[in-house]
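What follows is each chain in one-letter form.
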Amino acid sequence: MGKKTFLAVIALTIFLCGCNNAGLNKTGTKKVADEETRAAKFFNTYFDDGKYLLKFRNWSDSGEDMSCVMGVDGDNYYLEYETTEGKQVLFVKDNKSYGILDELKSYVVEDVDENAKMQEDFHSKDIIGKTYEVCEEKIGDITYQCEKFTEQDGEENHYCFEEDKLKYIITKMDDAKVYLEIISVSDEIPKEYFEIPEGYEKIEY
């Protein structure tokens, strides 16, 4: 599973929540994202340099639920996700993709297509200049102020903050709704994420 395909489930773009004028933060207000918004600053702090470790939970109204760990270090990429059916791990290093099969204590490897080379998907430049709308979303017992970006195909991405930290990304398309909860984000990526576990054997195919 490629990074672009997986992140389509999550739809992680950016929003803007910061304005010191409370009157301009009223629900329904439309704004244009710039470098000084909270969203741009958040992405610049954690994602723009292309090295980050993101832990999150992803779930939907249909009942699907998964816990994920994603690490990006330049062109190297790590993804771990766990559902009720088990855990899957893959990583990309030096233009090769590795799938780790823990149950079999083995792994598979293949070349990465240069045309589909994995890149960072989160960057402040991707939302600066875009128009968004201030809205609110209630998750559990808490109501969050969010920024709603609407794509040409009608898909809505709501970026919701808890104080100065991005807490939720909610993607709406037709009647479907997908939630992404950010658990933690840092720039410390364990080096073993990009190594074959000791004792694992390669599967040839």
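Everything that follows concerns the structure shown earlier in this document.
For clarity, every value in this text was computed on a predicted model and none was experimentally measured.

Participant: Please clarify how the nonpolar core should be interpreted in this entry.
Facilitator: Among soluble globular proteins, nonpolar side chains are generally buried collectively. The biggest cluster of nonpolar side chains holds 30 residues, and the ones touching the most others in it are Leu54, Met70 and Leu166. Per element, the largest residue contribution to this core is 4 residues, and it comes from strand β3 (residues 65-73). Counting residues in each nonpolar core, the second largest holds 13 residues, with Leu53, Tyr107, Ile189 and Phe194 among its members.

Participant: Looking at this structure, I do not really get helix α2 (residues 38-46). What am I missing?
Facilitator: An α-helical turn contains 3.6 residues, so any two residues separated by three or four positions project in the same direction. Those residues of α2 not exposed but buried are Ala39, Ala40, Phe42 and Phe43. The buried residues of α2 all sit within an arc of 160° when viewed along its axis, so they share a single face. In the core, the buried residues of α2 are packed alongside β10 (156-162), β11 (165-173) and β12 (176-186).

Participant: Explain the pattern of salt bridges to me, please; I cannot follow it from the model alone.
Facilitator: Going through the model one piece at a time under the given rule, you end up with 8 salt bridges. Among the ionic pairs, lysine 148 bridges to glutamate 133, the shortest N-O distance being 4.0 Å. Of this pair, lysine 148 sits in strand β9 (residues 142-150) while glutamate 133 sits in strand β8 (residues 131-139), and the two are 15 residues apart along the sequence. By relative accessible area, which is 22% here, glutamate 133 ends up partly exposed.

Participant: Can you help me understand the pairing of strand β5 (residues 86-93) in this one?
Facilitator: The side chains of a regular strand alternate between both faces of the sheet. Pairing of strand β4 (residues 76-83) with β5 involves 7 bridges; the strand directions are antiparallel. Note that in β5 the partner of tyrosine 77 across the bridge is valine 92. Adjacent in sequence and paired antiparallel, β4 and β5 are bridged by 2 residues. Both β5 and strand β6 (residues 96-101) contribute to a ladder of 5 bridges, which runs antiparallel. Paired with valine 92 across the two strands is serine 97, which belongs to β6. The turn linking β5 back onto β6 is made up of 2 residues, and aspartate 94 within it adopts a positive phi angle of 50°.

Participant: I keep staring at the packing of aromatic side chains and nothing clicks. Help me out?
Facilitator: Describing an aromatic ring pair means giving the distance of the ring centres and the angle of the ring planes. Applying the stated criterion across every chain, the model contains 15 aromatic pairs. Between the aromatic rings of tryptophan 59 and tyrosine 168, the centroid separation amounts to 6.3 Å while the plane-to-plane angle is 85°, which identifies the pairing as edge-to-face. Note that tryptophan 59 is positioned in strand β2 (residues 51-60) and tyrosine 168 in strand β11, a separation of 109 residues in sequence. Of the two residues, tryptophan 59 and tyrosine 168, neither departs from the other in class, the shared state being buried. Ring centres of tryptophan 59 and tyrosine 179 lie 5.1 Å apart, and the angle between their planes is 10°; this geometry places the pair in the stacked category. Linking tryptophan 59 in strand β2 with tyrosine 179 in strand β12, this pair joins segments that are 120 residues apart in sequence. Exposure class is identical for tryptophan 59 and tyrosine 179. Each is buried. A network of ring pairs unites the aromatic residues Phe42, Phe43, Tyr46, Phe47, Tyr52 and Phe161 as a single cluster. Seen from the ring of tryptophan 59, arginine 57 lies directly overhead, with NZ or CZ sitting 4.1 Å from the centre.

The rules behind each value
- Residues numbered from 1 in each chain as written.
- Predicted model: local features only at pLDDT ≥ 70, side-chain atom pairs only at ≥ 80, totals over all residues.
- Heavy atoms only, no water.
- Core = buried A, V, L, I, M, F, W, Y, C linked by side-chain atoms within 4.5 Å.
- Buried < 20%, exposed > 50% of the residue type's maximum accessible area, 1.4 Å probe, protein only.
- Helix = DSSP H or I, 4+ residues; strand = E, 2+ residues; numbered from the N terminus.
- Arc of directions from axis to C-beta.
- Contact = heavy atoms within 4.5 Å.
- Salt bridge = Lys/Arg side-chain N within 4 Å of Asp/Glu carboxyl O.
- Pairing = 2+ DSSP bridges.
- Phe/Tyr/Trp six-rings, centres within 6.5 Å; stacked < 30°, edge-to-face > 60°.
- Lys NZ or Arg CZ within 6 Å of the ring centre and 35° of its normal.

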